[in-house]
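Coordinate inspection notes
Okay, here's what each chain looks like letter by letter:
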Amino acid sequence: MLEAHFIIFLLWAVIQSLTGVFANGIILVVSGIALVRQRRLASLDLLLSCLATTRICMQVMIFNVHLVALSLVKESVLIDNFLIFMFVNELGLWFATWLGVFYCAKIATIPHPIFFWLKMRISKLVPWLILGSLLHSLINSGLQSKYMWPIYKGVIENYFSKNRTKTEDTPSEPFYIFISGLVPPLLIFLVAVLLLVFSLGRHTQQMRTMGTRDPCRNPHVNALLSILSFLILYFSHYAMTILFCAQIVQFGSFLFLLCVMIAGAFPAGHSIILILGNAKLKQNVKMKTHVCICDSRSHTVSQGPSMSDA
């Protein structure tokens, strides 16, 4: 099957997966270096490391979905690992939500006692938020594995089957339960984004009214652009998850492959945005790129004499 769309989707899947693994790998390397040098890990670095770990796993699983949809791998790969996919997806959404809350608490200025309390304690709360998200996802996945997996398995096998039969009595309750578990992080993230946009908009308006130039304007604008792009990717990934769970798109179809591409853009695209918006991460990427170029040039030069001698 060497059709044009097959080659395009396969190349996209490879490029997307490599980009996502590389970008999130950079985040893990930078956090690891900071841990070794400082003997401790800052709250933001810890949150980014956990988020990058889940996204690497998510990127690998999305790549497997591409391979199964392109008939390069058997459907049993997805069926056997579906519960892991659900766990990693939910955990990654929680970590991404807490990252949005962290940015909101650190950047936004809202005159309210609760928000002021959160701003002062968000760094200390990050480890507990990570632990709570991990426990919540584990308990949720464990309950679904024990009580709902037989129903899940039958529906999934029918959905991934090439000889799919459309039955009207397909139980939809398991997927409603699954989607309901993704609603809390979405609502929390929306509140954080709205508060941040409101705060930055009000701050910019105050600076214009006073007729003064804000020295922090560029960081504020960068943070706003980052969080808005994050919002778009977050919603697209969430929408694709709902489409897959509701079985609206036909497995293996062109629309299905397109939805998988959009869903895979979230773990890869937002990690690139985080790197571009973080001076430490961006500098590390430039240094590594420069080192790789120098190494490749020196390797080529060192091979020259030996090749000529041969």
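Everything numeric in this text was worked out from a predicted model, so none of it was measured. (Residues numbered from 1 in each chain as written. Predicted model: local features only at pLDDT ≥ 70, side-chain atom pairs only at ≥ 80, totals over all residues. Heavy atoms only, no water.)

A look at the overall build of the chain
Along the backbone of the chain there are 9 helices and 0 strands. Going residue by residue from the N terminus, the α and β elements of the chain occur as α-α-α-α-α-α-α-α-α. Scored against the burial criterion, the 310 residues of the chain give a buried share of 42%. Across the chain, contacts joining residues at least 24 apart in sequence account for 79% of those joining residues at least 6 apart. Counting only carbon and sulfur atoms, one obtains 70% of the accessible surface of the chain, whose full area is about 17,200 Å². (Helix = DSSP H or I, 4+ residues; strand = E, 2+ residues; numbered from the N terminus. Buried < 20%, exposed > 50% of the residue type's maximum accessible area, 1.4 Å probe, protein only. Contact = heavy atoms within 4.5 Å. Areas by Shrake-Rupley, 256 points an atom, 1.4 Å probe, with all protein chains shown as cover.)

Comments concerning the packing of helix 1 (residues 4-38) against helix 2 (residues 43-69)
Axis separation between helix 1 and helix 2 bottoms out at 9 Å; the angle between their running directions is 160°. Comparing the axis directions of helix 1 and helix 2 gives the class roughly antiparallel. Both helix 1 and helix 2 take part in a crossing whose hand is left-handed. When its residues are assigned to classes, the contact of helix 1 with helix 2 shows 14 nonpolar, 10 polar and 2 charged. (Axes fitted to C-alpha atoms, helices over the stretch in contact; angles between N-to-C directions. Parallel < 35°, antiparallel > 145°, perpendicular 65-115°, else oblique. Left-handed = near helix turned anticlockwise from the far one by under 90°. Nonpolar A, V, L, I, M, F, W, Y, C, P; charged D, E, K, R; others polar.)

Description of the UniProt feature "transmembrane region" (unreviewed entry) in the chain
The UniProt feature table records "transmembrane region" (unreviewed entry) at residues 6-34, 46-70, 82-105, 125-143, 175-200, 221-249 and 255-277. Between the end C-alpha atoms of residues 46-70 there is a gap of 36 Å, over a span that is 96% helix and 0% strand. Across residues 82-105, helical content stands at 100% and strand content at 0%; the span's end C-alpha atoms are separated by 35 Å. (UniProt positions renumbered as here; feature names shortened; annotations may be inferred.)

Considering unusual backbone geometry
Not every positive phi belongs to a glycine, and Arg-39 is a case in point at roughly 60°. Here Arg-39 shows up in the loop between helix 1 and helix 2.

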